[in-house]
Amino acid sequence: MTDTVALFQAFIRVVEAGSFTRVAEEQNSSQPTVSRQVATLEDHLGTRLFTRTTRKLTLTDDGRSFYERAKLALEAVAEAEGAVGRRRARPSGTLQLALPVVFGRLRVIPHLKGFLARYPDVSVDLVMSDGFSDLVEDGIDLAIRSGVVTDPNLIARKIGVTRRILVASPSYLRGKTLPTHPNDLIGHDCIPYTRFTGGVTWRFESPDGPIAIEATGPVRTQSSEGIREAVMSGLGIGFVPIWHFRDEIETGRLIVLLEAFEPKPVPISAVYPSRRFVPQKTRAMIDYLETQFAMDPTLNPKRVRAPSSW
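Within every chain, residues take consecutive numbers counted from 1 along the sequence as written. Residues qualify for local features only when their pLDDT is at least 70, as the model is predicted, and side-chain atom pairs are given and counted only at 80 or more; totals for whole chains, interfaces and linings, by contrast, use all residues. Each side-chain value is derived from all of the structure's non-hydrogen atoms; neither hydrogens nor water enter the calculation.

Of regular secondary structure, the chain possesses eleven helices and twelve strands. With the principal axes as the frame, the chain shows a C-alpha extent of 75 × 45 × 35 Å. Residue contacts are defined here by distance: any two heavy atoms, one from each residue, within 4.5 Å place the two residues in contact. In the chain, 75% of the contacts between residues at least 6 apart in sequence involve partners at least 24 apart. Of the accessible surface of the chain, which amounts to about 16,100 Å², a share of 50% is contributed by carbon and sulfur atoms. Numbering of helices and strands runs from the N terminus, with a helix taken as a DSSP run of H or I at least four residues long and a strand as a DSSP run of E at least two residues long. For accessible areas, the Shrake-Rupley method is used with a probe of radius 1.4 Å. Any residue's cover is judged against the shown protein chains and nothing else.

Now the structure itself:
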């Protein structure tokens, strides 16, 4: 049974990754080894699962049919293992965790020591990027994302919520007229986040309804780290989740602007592939982070609002 499970797992990952070589790299194995695993499975089933060319792998009709059933079979095995015995009480295995770069560095990695102490049989592979990983194709167990998750193939559980604020350094604001309305930003250097359209269009709330401003300035970046450093260097005004700069705001190194026009808080979600069975290691991480985030005022705005010096 164990050998069959391993063959199923190898086949499924090849389908999702689209490459024997990529799966071999994930498993610290070799391309011929993974190829042999799939060939062994084909011999066992008595059918071809892939059509192979030098450039592309394509599932056969039998391969497509078997893929869906193999996934269900593995989920059933994992669910049975998780329902009884040691695995029920103690999550285990490697968790592939995808995180935005700055959020991961500031708000998740500091909690990993406590998580690993509680669950010593779990190891964590961090996939840190400001872009969205394809959870299925990249073999990601869990991702942390902000904003509304609309992908029907993903399950999203809200584990926090954060404010979006305007911030600038005292060195940037020195000698300038402070903005009192979002329209005043037209006369200021803004630092747009160009990875997503919403980073260029800044949206605010007001008694008269929503306000949208096109952010412009001499510096633009597609990197959350770039936004952080540009704001700290006095290059302009940033529009960011408050968790970017909690310590800097509390110590006065950055100033919060236009709080009266602050947009609605943004949800922070634990996101994982849609499936009936969720591994214990994934559940454990979600529950742990939700508990930690509840104690963080930047991820639970009901606890306290950030101070403003202006």
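What follows deals with the sheet that holds strand β11 (residues 255-257). Taken in spatial order, the three strands line up as β10-β7-β11 in an open sheet, and their pairing is antiparallel. The open sheet has two free edges, formed respectively by β10 (238-241) and β11, since each of these has just one partner strand. Taken over all neighbouring pairs, the strand axes of this sheet differ in orientation by 50° on average, direction set aside. Think of it this way: DSSP has to see at least two bridges between two strands before they count as a pair. To define axes, lines are fitted to C-alpha atoms, for helices over the stretch in contact only, and angles between the resulting N-to-C directions are given on a 0 to 180 degree scale.

Quick look at unusual backbone geometry now. Residues apart from glycine generally show negative phi values, whereas peptide bonds are mostly found in trans. Of note in this structure, L258 is not a glycine but carries a positive phi near 50°. Note that L258 resides in the loop between β11 and β12 (266-273).

This part is about the packing of helix α6 (residues 101-118) against helix α11 (residues 280-294). Two numbers describe how α6 lies on α11: the axes approach to 10 Å, and their chain directions differ by 120°. Judged by the angle between their axes, α6 and α11 are oblique. Crossing angle aside, the handedness with which α6 passes α11 is right-handed. On the side of α6, the interface is formed by F103, R107, V108, H111, L112, G114, F115 and R118, while α11 contributes K281, A284, M285, Y288, L289, Q292 and F293. Asp, Glu, Lys and Arg are counted as charged, while Ala, Val, Leu, Ile, Met, Phe, Trp, Tyr, Cys and Pro are counted as nonpolar; the rest, among them Gly, fall into the polar class. Taken together, the residues of the contact of α6 with α11 break down into nine nonpolar, three polar and three charged. Relative orientations are named as follows: roughly parallel for angles under 35 degrees, roughly antiparallel for angles over 145 degrees, roughly perpendicular for angles from 65 to 115 degrees, and oblique for any other angle. Handedness of a helix crossing follows the sense of rotation of the near helix relative to the far helix, less than a right angle counterclockwise being left-handed and clockwise being right-handed.

We now examine the sheet that holds strand β5 (residues 142-146). Strand order in this open sheet of five strands is β4-β3-β5-β12-β6, and the pairing throughout is mixed. One side of each edge strand has no neighbouring strand; the edge strands of this open sheet are β4 (122-128) and β6 (154-162). For this sheet the average axis-to-axis angle between neighbouring strands, irrespective of direction, equals 25°. Both strand β3 (residues 93-99) and β5 contribute to a ladder of two bridges, which runs parallel. When the sheet's bridge partners are listed, L97 is paired in β5 with L142. Docked against the sheet, α6 engages β3, β4, β5 and β12, running at close to 175° with respect to β4. Packed onto the sheet, α11 meets β3, β4, β5, β6 and β12 and runs at close to 20° relative to β6.

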